[in-house]
Each structure stands twice: as C-alpha cells, then as structure tokens.
Amino acid sequence: METIIVQIKNKKALELLKNLEDLEIIKVLKKDEDWWNTISDEERSAIEKGLQDAENGKLKPHSEAKKILNAHFA
C-alpha cells in the first residue's frame, strides 16, 4: 500500500514538473548540487537543532504550536 501511495505522489510531482513554466525554478531543480550546501550556516544550525530536539522528544503537538503562533501573530 505504501508503495502505491509513493507512486501516486511521484506521478503528481511529475505532472507538476511537466507543467512548470518558471525558468528559474527549472534551473534550480536541474542543478546537481545538494541543497544542504546552498543554505547558510544559520539555516543548517537551525535544522540540526530541530532534528536534535525531535530525537530528544522535545516536540510540541501541532495544536499547541498553533496556539503559540496565533497568540504571537494575532
């Protein structure tokens, strides 16, 4: 079942790619460069911290995160 879902998602992704008209997006997608090497040190550190937090169980449920964001941006 999981394989079927992945195939369906890949088919949808392929259709989206076929219909892309923005040349800049196409150029980025065609690059062989690993995206990890294109982001800043600050972005890498933030991602690594998030992964460490996840491994250590320091996560908040989506419902709590929504409340925090709504309070901050409301």
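Residues numbered from 1 in each chain as written. Predicted model: local features only at pLDDT ≥ 70, side-chain atom pairs only at ≥ 80, totals over all residues. Heavy atoms only, no water.

**Some points on the overall build of the chain**
Phase 1: A count of helices and strands for the chain gives four helices and zero strands.
Phase 2: When the 74 residues of the chain are sorted by exposure, 4% land in the buried category.
Phase 3: Of the roughly 7300 Å² that the chain leaves accessible, carbon and sulfur atoms contribute 57%. (Helix = DSSP H or I, 4+ residues; strand = E, 2+ residues; numbered from the N terminus. Buried < 20%, exposed > 50% of the residue type's maximum accessible area, 1.4 Å probe, protein only. Areas by Shrake-Rupley, 256 points an atom, 1.4 Å probe, with all protein chains shown as cover.)

**As for the packing of aromatic side chains**
Phase 1: Inspection of the entire model under this criterion finds one aromatic pair.
Phase 2: On the basis of an interplanar angle of 80° and a centroid distance of 5.6 Å, the ring pair of Trp35 and Trp36 is categorised as edge-to-face.
Phase 3: With relative accessibility at 52%, the residue Trp35 sits in the exposed group. (Phe/Tyr/Trp six-rings, centres within 6.5 Å; stacked < 30°, edge-to-face > 60°.)

**Comments concerning the environment of Ile39**
Phase 1: Along the chain, Ile39 falls in the loop between α2 (23-30) and α3 (41-55).
Phase 2: Of the residues examined, Ile39 reaches a relative accessible area of 18% and is grouped as buried.

**Quick notes on the confidence of the model for the chain**
Regions with low pLDDT should not have their predicted coordinates read in detail.
Phase 1: Scored by pLDDT, the chain comes out at a mean of 80, with 76% of its residues at no less than 70.
Phase 2: The weakest mean pLDDT in the chain belongs to helix α1 (residues 2-18) at 66; the strongest belongs to α3 at 93. (pLDDT = per-residue confidence, 0-100.)

**Topic: the pattern of salt bridges**
Phase 1: With the rule as written, the count across this model stands at three salt bridges.
Phase 2: Between Asp53 and Lys49 there is a salt bridge, with the nearest N and O atoms lying 3.0 Å from each other. In this pair, Asp53 and Lys49 both sit in helix α3, four residues apart, roughly one turn of the helix.
Phase 3: A salt bridge links Lys60 to Glu64; its shortest N-O distance comes to 3.5 Å. (Salt bridge = Lys/Arg side-chain N within 4 Å of Asp/Glu carboxyl O.)

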